[in-house]
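Each chain, letter by letter, is given below.
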Amino acid sequence: KIVSKALSRRRARSKAILAIENELKRERRKHAKRQLKLVVLVAGFTYLVNKLHRDKRFRRNFVERVRRAYSSIVPHCSLAIRWLNQRRKAVL
C-alpha cells in the first residue's frame, strides 16, 4: 500500500513535469514562428526600399500604383467619416 502510494505520487509528479515541459516547447515554437514572420517582414520591406532606391522604372510604377490606390480610397474614407459625424449628430 505504501509502495503504491509512492508510485502514484511519482507518476503524478512526472506527468506534471511533462506537462510543464510541453508547455515550454509550445511557447518556444510560437516565439520562433513570430520571429520568423518578423524576419520575413523586415526582409521584404528592406528589399522593397532597396528596389525603390535603385530601380527608376520600378519606382515610377510603384508611385503610380500608390497614387491610384490613394485617390480611390481617400474619397471613400472622407465619405465614411462624414456619414459617421452625421450619425453622431443625429444621436446627440
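The rules behind each value
Residues numbered from 1 in each chain as written. Predicted model: local features only at pLDDT ≥ 70, side-chain atom pairs only at ≥ 80, totals over all residues. Heavy atoms only, no water. Salt bridge = Lys/Arg side-chain N within 4 Å of Asp/Glu carboxyl O. Helix = DSSP H or I, 4+ residues; strand = E, 2+ residues; numbered from the N terminus. Buried < 20%, exposed > 50% of the residue type's maximum accessible area, 1.4 Å probe, protein only. Contact = heavy atoms within 4.5 Å. Expected span 1.5 Å × (residues − 1). Polar contact = N/O pair within 3.5 Å; in protein donor to acceptor, adjacent residues only side chain to side chain. Phe/Tyr/Trp six-rings, centres within 6.5 Å; stacked < 30°, edge-to-face > 60°. Axes fitted to C-alpha atoms, helices over the stretch in contact; angles between N-to-C directions. Parallel < 35°, antiparallel > 145°, perpendicular 65-115°, else oblique. Nonpolar A, V, L, I, M, F, W, Y, C, P; charged D, E, K, R; others polar.

I tried to follow the pattern of salt bridges on my own but got confused; where do I start?
If the charged atoms of two oppositely charged side chains come close together, the side chains can form a pair. Here the structure, examined in full by the defined rule, presents four salt bridges. The shortest N-O distance in the salt bridge between lysine 30 and glutamate 27 comes to 3.6 Å. Within this pair, lysine 30 and its partner glutamate 27 are both found in helix α1 (residues 2-54), separated by three residues, close to a single helical turn. Taking relative accessible area as the criterion, glutamate 27 reaches 38% and is therefore assigned partly exposed. Two residues, glutamate 64 and arginine 68, come together in a salt bridge whose shortest N-O distance is 3.0 Å.

Please explain the environment of arginine 59 as it appears in this structure.
Along the chain, arginine 59 falls in helix α2 (residues 56-91). Residue class for arginine 59 comes out partly exposed when judged on its relative accessible area of 33%. The contacts of arginine 59, once residues within four sequence positions are left out, are Leu52 and His53.

Which parts of the structure should I look at to understand α2?
Note that an α-helix has 3.6 residues per turn; residues three or four places apart therefore point the same way. Its 36 residues place the ends of α2 52 Å apart at the C-alpha level, agreeing with the 52 Å of an ideal helix rising 1.5 Å per residue. The distance from a side-chain oxygen at the start of α2 to the backbone nitrogen of arginine 57 is 3.3 Å, and the residue carrying that oxygen is aspartate 55.

Just checking my understanding: could you explain the packing of aromatic side chains for this structure?
For any two aromatic rings, the description comes down to two numbers: the centre-to-centre distance and the angle of the planes. In the structure shown here, the tally under the stated rule is one aromatic pair. Pairing phenylalanine 58 with phenylalanine 62 gives two aromatic rings, centres 6.2 Å apart and planes at 20 degrees, and the pair type is stacked. With phenylalanine 58 and phenylalanine 62 both in helix α2 and four residues apart, the pair spans about one turn of that helix. Judged by its relative accessible area of 23%, phenylalanine 58 falls in the partly exposed class. Residue phenylalanine 62 is classed as partly exposed on the basis of its relative accessible area of 26%.

When you look at the packing of α1 against α2 in this model, what are you seeing that I'm missing?
When two helices pack together, you describe them by how their axes are tilted relative to each other and by the distance separating the axes. As a packed pair, α1 and α2 sit with axes 6 Å apart at the nearest point and diverge in direction by 110 degrees. With respect to α2, the axis of α1 lies roughly perpendicular. Here Leu48, Lys51, Leu52, His53 and Arg54 of α1 lie close against α2, whose contacting residues are Lys56, Phe58, Arg59 and Phe62. Each residue belonging to the contact of α1 with α2 can be placed in one class, and the counts come to four nonpolar, one polar and four charged.

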